[in-house]
Structures are given as structure tokens and as C-alpha cells.
Amino acid sequence: MLTAPTIAEIADNHARTIPKIVLRWLVQQDAVVALSRTTNPDRIAENLAVFDFELGDDEMAAIQTLARPNSRIVNPIGLAPVWDAS
Ligand SMILES: NC(=O)c1ccc[n+]([C@@H]2O[C@H](COP(=O)([O-])OP(=O)(O)OC[C@H]3O[C@@H](n4cnc5c(N)ncnc54)[C@H](OP(=O)(O)O)[C@@H]3O)[C@@H](O)[C@H]2O)c1
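Predicted model only: the values in this text are computed from it and were never measured. (Residues numbered from 1 in each chain as written. Predicted model: local features only at pLDDT ≥ 70, side-chain atom pairs only at ≥ 80, totals over all residues. Heavy atoms only, no water.)

**Structural notes on the site of the ligand**
And step 1. Residues in contact with the ligand, as listed here, are Pro19, Leu35, Arg37, Thr38, Thr39, Asn40, Arg43, Glu46, Asn47 and Val74.
And step 2. At 2.7 Å from an oxygen atom of the ligand is found a main-chain nitrogen or oxygen belonging to Thr39.
And step 3. One of the side-chain N or O atoms of Asn47 is found 2.8 Å from a nitrogen atom in the ligand.
And step 4. When the free accessible area of the ligand is taken as 890 Å², the share hidden by the protein chains comes to 48%.
And step 5. When residues of the shell around the ligand are assigned to their parent elements, the largest contribution, 3 residues, is made by helix H3 (residues 41-48). (Near = heavy atom within 4 Å. Polar contact = N/O pair within 3.5 Å; in protein donor to acceptor, adjacent residues only side chain to side chain. Areas by Shrake-Rupley, 256 points an atom, 1.4 Å probe, with all protein chains shown as cover. Helix = DSSP H or I, 4+ residues; strand = E, 2+ residues; numbered from the N terminus.)

**Observations concerning the confidence of the model for the chain**
And step 1. Summing up the model confidence of the chain, the mean pLDDT is 91 and the portion of residues at 70 or higher is 98%.
And step 2. No element of the chain has a lower mean pLDDT than H3, at 93, and none a higher one than helix H1 (residues 5-14), at 98. (pLDDT = per-residue confidence, 0-100.)

**Side note on the pattern of salt bridges**
And step 1. Counting across every chain of the model gives 1 salt bridge.
And step 2. Asp52 is paired through a salt bridge with Arg16; the nearest N and O atoms lie 3.3 Å apart. Of this pair, Asp52 sits in the loop between H3 and helix H4 (57-64) while Arg16 sits in the loop between H1 and helix H2 (18-27), and the two are 36 residues apart along the sequence.
And step 3. A residue is classified by how much of its surface remains accessible, and Arg16, at 25% relative accessible area, is partly exposed. (Salt bridge = Lys/Arg side-chain N within 4 Å of Asp/Glu carboxyl O. Buried < 20%, exposed > 50% of the residue type's maximum accessible area, 1.4 Å probe, protein only.)

**Here we look at the nonpolar core**
And step 1. Ranked by internal contacts, the top residues of the largest apolar core, which has 13 residues, are Ile7, Ile10, Ile21, Trp25, Phe53, Leu55 and Ile63.
And step 2. Every element with two or more residues in this core is listed here: H1, H2 and H4.
And step 3. Contact partners of Phe53, with chain neighbours within four places excluded, come to His14, Arg16, Lys20, Ile21 and Arg24. (Core = buried A, V, L, I, M, F, W, Y, C linked by side-chain atoms within 4.5 Å. Contact = heavy atoms within 4.5 Å.)

**Section: the packing of H1 against H2**
And step 1. Between H1 and H2, whose axes approach to 9 Å, the crossing angle comes to 100 degrees. Comparing their axes, H2 and H1 come out roughly perpendicular. Residues Ile7, Ala8, Ile10, Ala11 and His14 of H1 form the contact with H2, whose own contacting residues are Ile18, Ile21 and Val22.
And step 2. The class makeup of the residues in the contact of H1 with H2 is 7 nonpolar, 1 polar and no charged. (Axes fitted to C-alpha atoms, helices over the stretch in contact; angles between N-to-C directions. Parallel < 35°, antiparallel > 145°, perpendicular 65-115°, else oblique. Nonpolar A, V, L, I, M, F, W, Y, C, P; charged D, E, K, R; others polar.)

Structure (C-alpha cells):
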């Protein structure tokens, strides 16, 4: 996600960093919880400051198009649901 041109363009439009756009995309969805983790103190502040701007419906949809079936990193057999059934 950090190198996707779609997200870089949205980040430019909002004058925000790419990680902020990714986190904002997560927290702006219903029933989605973002768990951010960093060892860098500066990034803690960056990652929390995602509640002072909004992505437009077109931007939310553009990021959603980057999803690919079976691209999940965490997908334990026997524990994960069938993520991409729809
Ligand atoms: N993955 C799981 O299955 C799982 C399950 C249960 C709970 N959790 C919890 O969920 C949290 C996140 O886990 P995770 O597996 O998603 O973490 P992760 O991938 O291991 O770590 C997040 C990565 O994102 C980087 N990062 C964070 N903020 C950034 C920023 N603003 N710009 C660029 N890079 C940034 C961090 O690098 P730096 O440290 O260098 O900033 C780190 O490499 C943790 O507290 C974990 O305990 C995870």
C-alpha cells in the first residue's frame, strides 16, 4: 500500500502522508478497527492524527479497488473466515 500510485495521488491531494491515508481509509469504514504498531515515536503521533480530515467516497472506492483475492498476509487456516467469498 505504501507504494501504490493511487494512494500517493490521494495523499498529495490531502497534503497528508501515505500511511495517514491508509489508516484513514481503515478507520473511516464501519466495523473496521485499525491496529497500528510502530517502534518510531514520531510515527505514533503521525498514526494517531487521522481524525482531522476525511476521504471522499470516490477516494474510498479507489483504494478499495487495490484489494486482490488471496492477498492477505494474516490468513491462518482453520481460524480465518472465507475473506473473499463475495
Ligand atoms: N498481525 C496479527 O496477526 C495481529 C494479531 C493480533 C494483534 N496484533 C496487533 O496489531 C498491532 C499491529 O500488528 P501488525 O502485525 O499489523 O504490525 P507489524 O506489521 O508488525 O508492524 C507495523 C509495521 O508498520 C510500520 N509502520 C507503522 N507506522 C508507520 C508509518 N507511519 N509509516 C511507515 N511505516 C509504519 C512499522 O515500522 P516501524 O516500527 O519502523 O515504525 C512496522 O514495520 C500490534 O499491536 C499487534 O500486536 C496483530
